[in-house]
Amino acid sequence: LPPKLVMLDASGNRLSAVVPEAFLYTEHMQHLNLSRNGLSGAVIGAPANIKRLSSLQALDLSHNRLTGGLPEDLGSLRHLEVLVANANAIDGSLPDGLGSMERLRVIDLADNALHGPIPEDLGELPGLAALDLRNNKLSGAVPLSVLTLETLQHLDVSQNDLSWSAT
């Protein structure tokens, strides 16, 4: 790919197997849309690949067949504003690093197999406007910090095993 490429939309094609390595080698990439393909395997391949996407602002991996957990070092994507990976088979827990991604405005991880609690620090994201975690296997209480987040406009945590805490 051209080394100065900042946007790539390869959605709705017949890409298969893992996320192609060539898409991860441009340090200037800001918007990457690989939705509605046949991608399978780990979310971003090898963990070292995350660091190559340091300028990324929007990532859409929805409607594929991705498996495994979200990378633990996802929090290293400091410029990420939009994370969409719904309708996959992603499992594991939500990584702790999500709460440190201060620019995140949209998180859509619906229709996966995520389990465990919703991290408390998601409620500390200053610009989070949409959080969609529906149809997973999340458990525990929805953090009060999320329920009282002033910037949050859309919250969907339906079809999980969550409880609500009033305090």
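Residues numbered from 1 in each chain as written. Predicted model: local features only at pLDDT ≥ 70, side-chain atom pairs only at ≥ 80, totals over all residues. Heavy atoms only, no water.

### Considering the side chain of asparagine 112
Step number 1: In this structure, asparagine 112 sits in the loop between strand S9 (106-108) and strand S10 (113-116).
Step number 2: Separated by 3.4 Å, the side chain of asparagine 112 and the backbone nitrogen of alanine 89 make a polar contact.
Step number 3: Engagement of the side chain of asparagine 112 in a polar contact is seen with the backbone nitrogen of isoleucine 90, the distance being 3.0 Å.
Step number 4: If near-sequence neighbours (up to four positions away) are discounted, asparagine 112 is found in contact with Ala85, Asn86, Ala87, Asn88, Ala89, Ile90, Asn135 and Asn136. (Helix = DSSP H or I, 4+ residues; strand = E, 2+ residues; numbered from the N terminus. Polar contact = N/O pair within 3.5 Å; in protein donor to acceptor, adjacent residues only side chain to side chain. Contact = heavy atoms within 4.5 Å.)

### Digging into the sheet that holds strand S3 (residues 31-33)
Step number 1: With parallel pairing, seven strands are arranged side by side in an open sheet as S1-S3-S5-S7-S9-S11-S13. The open sheet has two free edges, formed respectively by strand S1 (7-9) and strand S13 (154-156), since each of these has just one partner strand. The mean inter-strand angle of the sheet, taken between neighbouring strand axes irrespective of direction, is 10°.
Step number 2: Pairing geometry for strand S11 (residues 130-132) and S13, over three bridges, is parallel. Within S13, the position partnered with aspartate 132 by the bridge is aspartate 156. (Pairing = 2+ DSSP bridges. Axes fitted to C-alpha atoms, helices over the stretch in contact; angles between N-to-C directions.)

### Re the sheet that holds strand S12 (residues 137-142)
Step number 1: Sheet architecture is open: seven strands sit in the order S2-S4-S6-S8-S10-S12-S14, paired in parallel fashion. Strands at the two margins of the open sheet, each flanked by one partner only, are strand S2 (16-17) and strand S14 (161-164).
Step number 2: Two elements, S12 and S14, share four bridges in a ladder whose sense is parallel. Paired with glycine 140 across the two strands is leucine 162, which belongs to S14.

### A word on the environment of glutamine 57
Step number 1: Inspection of the secondary structure puts glutamine 57 in the loop between helix H1 (48-52) and strand S5 (58-60).
Step number 2: Excluding anything up to four places from it in sequence, glutamine 57 contacts Gln30, His31, His79, Leu80, Glu81 and Val82.

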